[in-house]
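These are the residues of each chain, in order.
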Amino acid sequence: MKISPASLYHTTAVSTKPASRNGTPAPASTPAAVQPDSSTKVDLSPVARDLTSPENDVDLERVQAIRQALANGTLNINPTRIAEGILQDAIDILS
């Protein structure tokens with residue numbers, strides 16, 4: 001079987017709504033709104049708790065300094081450092 005690039009992007013529309021007697025699609029019904037129970041409890045994973053901690057807020061002074069350096073044309077971008085950071089993130093994820 002040969003797979004051509006065109007076949008990878010070929011999609012077929014499928015209607016999951018039953019047709020009415022005259023052949024037109026039946027109107028979609030709206031699902032009832034689900035209200036959470038007042039006793040609903042949510043447990044966050046340690047990673048989620050870490051992400052929501054106040055220590056992870058954006059350092060606005062650092063952002064402003066970068067904006068100013070960019071506007072002045074004095075921002076020093078080190079592509080080697082960026083590449084090493086990306087590779088280290090990939091290693092951390094894969095290990």
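Residues numbered from 1 in each chain as written. Predicted model: local features only at pLDDT ≥ 70, side-chain atom pairs only at ≥ 80, totals over all residues. Heavy atoms only, no water.

1. Things to note about the overall build of the chain
In step 1: What the chain contains, in helices and strands, is four helices and zero strands.
In step 2: Traced from its N-terminal end to its C-terminal end, the chain shows the element sequence α-α-α-α.
In step 3: Taking all 95 residues of the chain together, the buried fraction comes to 2%.
In step 4: With an accessible surface of roughly 9,600 Å², the chain has 59% of that area assigned to carbon and sulfur atoms. (Helix = DSSP H or I, 4+ residues; strand = E, 2+ residues; numbered from the N terminus. Buried < 20%, exposed > 50% of the residue type's maximum accessible area, 1.4 Å probe, protein only. Areas by Shrake-Rupley, 256 points an atom, 1.4 Å probe, with all protein chains shown as cover.)

2. Describing the layout of surface pockets
In step 1: One number sums up the size of the largest pocket: a volume of about 230 Å³.
In step 2: Contributing to the lining of the largest pocket are R62, A65, I66, A69, L75, N76, I77, N78, R81 and I82.
In step 3: Looking at the lining of the largest pocket, the elements with two or more residues in it are α3 (60-72) and α4 (79-94).
In step 4: Looking at the lining of the largest pocket residue by residue, the class counts come to six nonpolar, two polar and two charged. (1 Å grid on protein atoms, 1.4 Å probe; cavity = no way out; pocket = protein on both sides within 12 Å on 5 of 7 lines; lining within 4 Å. Points joined across faces, edges and corners; volume = space filled by probe spheres on them. Nonpolar A, V, L, I, M, F, W, Y, C, P; charged D, E, K, R; others polar.)

3. Considering α4
In step 1: Spanning 16 residues, α4 covers 23 Å between terminal C-alpha atoms, matching the ideal 22 Å at 1.5 Å per step.
In step 2: Regarding α4, its N-cap is N78, as a side-chain oxygen of that residue lies 3.1 Å from the backbone nitrogen of T80 further along. (Expected span 1.5 Å × (residues − 1). Polar contact = N/O pair within 3.5 Å; in protein donor to acceptor, adjacent residues only side chain to side chain.)

4. Quick notes on a nonpolar patch on the surface
In step 1: A grouping of I66, L70, L75, I77, I82 and I86 is seen on the molecular surface, where their side chains present a nonpolar patch of about 560 Å² in accessible area.
In step 2: As for its placement among the helices and strands, I86 is situated in helix α4. (Patch = residues over 30% accessible without salt bridge, like charges linked within 9 Å, V, L, I, M, F, W, Y side chains within 5 Å. Salt bridge = Lys/Arg side-chain N within 4 Å of Asp/Glu carboxyl O.)

5. Points about the confidence of the model for the chain
In step 1: Taken residue by residue, the chain gives an average pLDDT of 76. The fraction at 70 or more is 60%.
In step 2: Within the chain, the element-level pLDDT minimum falls on helix α1 (residues 5-8), averaging 52, and the maximum on α4, averaging 96.
In step 3: Predicted confidence is poor over residues 11-15, with pLDDT under 50, and the contacts of this stretch with residues over four places away or in other chains come to zero contacts. (pLDDT = per-residue confidence, 0-100. Contact = heavy atoms within 4.5 Å.)

6. Some thoughts on α3
In step 1: Taking 1.5 Å of rise per residue, the 13 residues of α3 would be expected to cover 18 Å, and the 18 Å separating its terminal C-alpha atoms lies within 8% of that figure.
In step 2: Looking one or two places after α3, you find G73, whose phi comes out positive at around 80°.

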